[in-house]
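The lines below spell out each chain.
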Amino acid sequence: MTSFNIRICLFLAICSPVTTYASDQNSTPLSAAEALAIDAKYYAESYGVSEDEAMRRILIMHDSSDQIKQLQQEYGTKISGIYFDQGKDFGLKVNLTGNDVPSDVELIRKASTSVKNILTHNLNSNLKKLGIATESLNKAQAKIGQNISAKVSFSGNAKHNKDERLKILEQAKQNLLSKIPSFEMIADNEVTGGATLYVKADNGSVQKIAESILNMPITVEVIPSGIVATHTRGGSKLVKTDNGNLHCMTGFVAKHSSGQQGVLTAGHCLKDNTPLSYTDKDGSKYPVTTVSSIFDSRGDLGFITASHATSTGQFYADNTANPRTVSAVQSRSGTRVASGTVTGSYICHLGQTSPTDQTLMQSCGEVSSINGQGSDGVGGNTYVIVKNTKSGGGTTYNPSTDGIGTLRCVGGDSGGPWFAYTTAYGIQSGCAWFDNAKKQTKIVVYTSLDYAGLVGATIVKN
């Protein structure tokens, strides 16, 4: 595979239809409050904030998309960048062209009164394994029922709007490839109003060369491992039928336009036509059939069916936790300017703990770009990039292989889900590391669920 073929995915499960009983702690889906409490624990570790503050930020990031879309519509092509700042002064930042800078406004996440809460009165053993206390569930439940606000700050005089910047990046890629042999990927950077360039090596000249070609601020990130194809292991697993060896992971339950029910995975997992079987968490195994797939500049997705019905909108986010339900699906972008997924958002996936520890666990990171393109034609400004932010807000990297606040990526995670709270975001494609030993994850790349329609799929929600 060529350099951009980053293929490492989360552990999203195909969930067989589940009969929900209050006493069945292993099959009953997590309530919204339980999902929030788990994600807040990860966020608090990542950024070094309190649990209460973590819950506030997560709800604002993932429950205020309608208000953010209103801002995008109001300022339209004047927008150079729009992103969440995860620093001490958490809030939404909007960079505009021109010198007419609006005053700060409030982003208000409205209280929810319709969320189902199934288990918040009874802390089950799976949540205890994750270190979740009854106090945390009560706090999460209270937060969900409150109005929560954050500041929207504006700045002006950006050189390019986002549409102009993306066109420059598209037109310049071949020139960058010819002048920078170690080129791996270039991604739009809404924070700086420029771009982030990922290279396998830098002799000190890469930034100067790139800035002379693009005429915009360039941040250079060295990834000695390159962006690596990884599809050997999964959460709800796809195994090779002939020998049972692990191949990839499965993603969100979906329905095909033909009426078939199945699940999404990564398209590159299907490209060799290897006979595969789906293995559920309980060990049940079912043959799968590939219905459709893409693996090109639009995305990395495949739709498969198994020999049993898969209609429930549920997925596993951790090996020890109950399944979560999908209450919403967040797109990457509706247009070049208007995006559903906001840069700076904190989102999670499921994967192996380490290359030597096959225990599945949730890990999370910060969206650094919703417009990444690779060196081989794959990724035409369409891939989403998530970075490691262990205890460092904003653009600061502080890699670690320990603790729940660390973004992890291990060969074999391809095809799994990206999510936050009870919102589905994408299907994992690949990753890159700080080190050649591939122990410290630098970035992970996924395909947004914008593109599910290209394989004829619609995500099943509860």
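First, a word on what this report is: a plain description of the structure on this page.

The rules we used
- What you see as residue numbers is a count from 1 along each chain, following the sequence as written.
- In keeping with the model being predicted, local features are shown solely for residues with a pLDDT of at least 70 and side-chain atom pairs are shown and tallied solely at 80 or more, while totals for entire chains, interfaces and linings include all residues.
- For side-chain calculations, the full set of non-hydrogen atoms in the structure is used, while hydrogens and water are omitted.
- Just to be clear on terms, a salt bridge is a Lys or Arg side-chain nitrogen sitting within 4 Å of an Asp or Glu carboxyl oxygen.
- Helix and strand assignments follow DSSP, with helices taken as H or I runs no shorter than four residues and strands as E runs no shorter than two, numbered in order from the N terminus.
- The buried label goes to any residue with under 20% of its type's maximum accessible area, the exposed label to any with over 50%, and the partly exposed label to all in between, with areas taken from a 1.4 Å probe on protein chains only.
- To define axes, lines are fitted to C-alpha atoms, for helices over the stretch in contact only, and angles between the resulting N-to-C directions are given on a 0 to 180 degree scale.
- For classification purposes, an angle smaller than 35 degrees is called roughly parallel, one larger than 145 roughly antiparallel, one from 65 to 115 roughly perpendicular, and anything else oblique.
- It is the rotation of the near helix from the far one that decides the hand of a crossing: anticlockwise by less than a right angle makes it left-handed, clockwise makes it right-handed.
- In what follows, a contact means two residues having at least one pair of non-hydrogen atoms within 4.5 Å.
- For this classification, Asp, Glu, Lys and Arg are treated as charged, while Ala, Val, Leu, Ile, Met, Phe, Trp, Tyr, Cys and Pro are nonpolar and the rest, including Gly, are polar.

1. Quick notes on the pattern of salt bridges
Taken as a whole and judged by the stated rule, the model has 15 salt bridges. Salt-bridge contacts for aspartate 163 lead to lysine 167; the nearest nitrogen and oxygen are separated by 3.4 Å. Linking aspartate 163 with lysine 167, this pair stays in helix 6 (residues 162-179), spanning 4 residues, or about one helical turn. Lysine 167 gets classed as partly exposed once you look at its relative accessible area, which sits at 40%. Between glutamate 366 and lysine 387 there is a salt bridge, and its shortest N-O distance comes to 4.0 Å. With glutamate 366 in strand 19 (residues 357-374) and lysine 387 in strand 20 (residues 383-387), this pair connects stretches of sequence that are 21 residues apart. The residues glutamate 366 and lysine 387 share a single accessibility class, namely buried.

2. Points about unusual backbone geometry
With a phi angle near 65 degrees, asparagine 157 is a residue other than glycine that sits in the positive phi range. Inspection of the secondary structure puts asparagine 157 in strand 4 (residues 148-158).

3. Describing the packing of helix 1 (residues 32-47) against helix 2 (residues 51-62)
One way to put it is that helix 1 packs onto helix 2 with a least axis distance of 8 Å and a crossing angle of 110 degrees. Comparing their axes, helix 2 and helix 1 come out roughly perpendicular. Crossing of helix 1 against helix 2: the hand is right-handed. On helix 2, the residues touching Leu36, Ala37, Asp39, Ala40, Tyr43 and Ala44 of helix 1 are Glu51, Ala54, Met55, Arg57, Ile58, Leu59 and Met61. Of the residues assigned to the contact of helix 1 with helix 2, the class counts are 10 nonpolar, no polar and 3 charged.

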